[in-house]
Structure formats: C-alpha cells, structure tokens
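# An overview of the molecular structure
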Amino acid sequence: MGVSGSGKSTVGGLLAHRLGVPYAEADDFHPAANIAKMSAGHPLDDADRAPWLDAIADWIVARDGRGGVVSCSALRRRYRDRLRADAPDLFFLHLDGPPELIAARLAARMQHFMPSGLLRSQFEALEPLDPDEAGAVVTVEGGPQEIADRALAAVPAVPR
C-alpha cells in the first residue's frame, strides 16, 4: 500500500518473485471510467473505488491461503477493512517516504495514467496503518532491490 509513485508495482513484483507467489497490479482492476477520471486529473471518490476494491478482494480470496502479492494504494483504513473482510489474515506493507522523494519518482515515471498533480490529494487521504492492523511500514529510500529486501524482512513467514 502507499501513494502513487511509492514503488508499489516495482517492489510488489520483486517481492512476489522472491516469495514464489503470484503478483497482481491493482491498477489492472480499475474500470475504464476510473482510469479516465484519474487521467483527467480528478481523484476517485468512494463510489468509484467500491467496484475496484471488490475486484481486488475477489482476487485475494481466490488465492485461498496460497499467498500472493497485490499492489494497491489502500490509503484509508476503510479500504483496507474492505480488503480484509473476507481475508482476515491479510498483511499490508506500507511503502512510505518523504513527499519530495515520491514526487520526484512520480515525475520521472513514463506512461502512467496517474498525473503527479494528484499526489498531494493522496498524501492528504493517507491514513497510516493503525496498531491493530497486521502490517509494517517500509521506507522507500534506496533502490528497488534494497526496498524489496526490507519488505521481505517485514513479511511474516508464508506457509507453502
């Protein structure tokens, strides 16, 4: 989880590979209307997010305890609660870093629908993990392999 540009896709793919589990990109679950709205510079509202979160939750449930990694912003507690509703053992990794670093990475990113102008709204919406949520915060400082190392160290043992 984390704001756009925090490295969710890159680190998520690396982490899934290291764990030997499937990876899913949450952006692939968005309906076309959501992509169009964000591409136009408008943040999504909860009504926009509902079918997207449901589709991600369905993917998680379909993994049926076999493990998997899905990158998803999951900025608010209620979104994480929705994802956890049918998968209570879900573990979140919050990729976190200074807004300036993430903004620079977002600005360098090519061919992504999320405009950098929406980053501020994402930081404003972000609700960090609460103490009662299974998860860990991983700093995004350093390169992708270094961040993936920290993420792997934070993940509890996965039964295979």
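Conventions and cut-offs
- Residues numbered from 1 in each chain as written.
- Predicted model: local features only at pLDDT ≥ 70, side-chain atom pairs only at ≥ 80, totals over all residues.
- Heavy atoms only, no water.
- Helix = DSSP H or I, 4+ residues; strand = E, 2+ residues; numbered from the N terminus.
- Rg over C-alpha atoms; globule rule 2.2 N^0.38 Å.
- Buried < 20%, exposed > 50% of the residue type's maximum accessible area, 1.4 Å probe, protein only.
- 1 Å grid on protein atoms, 1.4 Å probe; cavity = no way out; pocket = protein on both sides within 12 Å on 5 of 7 lines; lining within 4 Å.
- Points joined across faces, edges and corners; volume = space filled by probe spheres on them.
- Nonpolar A, V, L, I, M, F, W, Y, C, P; charged D, E, K, R; others polar.
- Core = buried A, V, L, I, M, F, W, Y, C linked by side-chain atoms within 4.5 Å.
- Contact = heavy atoms within 4.5 Å.
- Salt bridge = Lys/Arg side-chain N within 4 Å of Asp/Glu carboxyl O.
- Arc of directions from axis to C-beta.
- Pairing = 2+ DSSP bridges.

Glancing now at the overall build of the chain. What the chain contains, in helices and strands, is seven helices and four strands. The linear arrangement of helices and strands in the chain, starting from the amino end, is α-β-α-α-β-α-β-α-α-β-α. The C-alpha atoms of the chain give 15 Å as radius of gyration, which agrees with the globular expectation for 160 residues (15 Å, within 12%). Its C-alpha atoms give the chain principal-axis dimensions of about 40 × 35 × 30 Å. Relative to its 160 residues, the chain shows a buried fraction of 40%.

In this model, the largest pocket occupies a volume close to 950 Å³. Along the walls of the largest pocket sit 38 residues, with Gly-67, Gly-68, Asp-89, Leu-90 and Phe-91 positioned nearest its centre. Breaking the lining of the largest pocket down by element, the ones donating at least two residues are helix 1 (8-19), helix 3 (46-62), strand 2 (69-71) and strand 3 (92-96). A per-element tally of the lining of the largest pocket places helix 1 first, with five residues. Taken together, the residues of the lining of the largest pocket sort by class into 27 nonpolar, five polar and six charged.

Moving on, we get to the nonpolar core. By size, the foremost hydrophobic cluster in this structure holds 39 residues, and its most contacted members are Leu-15, Ile-56, Ile-60, Cys-72, Leu-83, Phe-92 and Leu-93. Elements with a contribution of two residues or more to this core: helix 1, helix 3, helix 4 (77-84), strand 3, helix 5 (99-108), helix 6 (119-125), strand 4 (135-139) and helix 7 (144-154). Per-element accounting of this core gives the leading share, six residues, to helix 3. Those residues in contact with Leu-93 that sit more than four places away from it in its chain are Met-1, Leu-15, Ala-136, Val-138, Ala-151, Ala-154 and Val-155.

For the rest of this paragraph, the subject is unusual backbone geometry. Positive phi, close to 45°, is recorded for Ala-74, a residue that is not glycine. Along the polypeptide, Ala-74 turns up in the loop between strand 2 and helix 4.

The subject of this paragraph is the pattern of salt bridges. Evaluated as defined, the whole model comprises 17 salt bridges. Residue Asp-45 pairs with Lys-37 through a salt bridge whose shortest N-O separation is 3.8 Å. When the shortest N-O distance is used, the salt bridge between Arg-80 and Glu-133 registers 2.7 Å. A residue pair is termed long-range when its members are at least 10 positions apart, and Arg-80 in helix 4 and Glu-133 in the loop between helix 6 and strand 4 qualify at 53 residues. For Arg-80, a relative accessible area of 0% gives the class buried. Through salt bridges with shared partners, a single ionic network connects Arg-77, Arg-80, Asp-81, Arg-84, Asp-130, Asp-132 and Glu-133.

With respect to the helices and strands, Ala-32 occurs in helix 2 (residues 32-39). Separated by 103 residues in the primary sequence, Ala-32 and Gly-135 have C-alpha atoms spaced 30 Å apart.

This paragraph deals with helix 4. Three or more residues of helix 4 are buried, namely Tyr-79, Arg-80, Leu-83 and Arg-84. Taken down its axis, helix 4 places every buried residue within 135° of arc, on the same side. Looking at the packing, one finds that the buried side of helix 4 touches helix 3 and strand 3.

By the criterion of burial, strand 3 is predominantly enclosed, with four of the five residues buried. Sheet topology note: the strand 3/strand 4 ladder contains five bridges and is parallel. Each bridged residue has a counterpart across the sheet, and for Phe-92 the counterpart in strand 4 is Gly-135.

Just distances and angles here, no functional claims.
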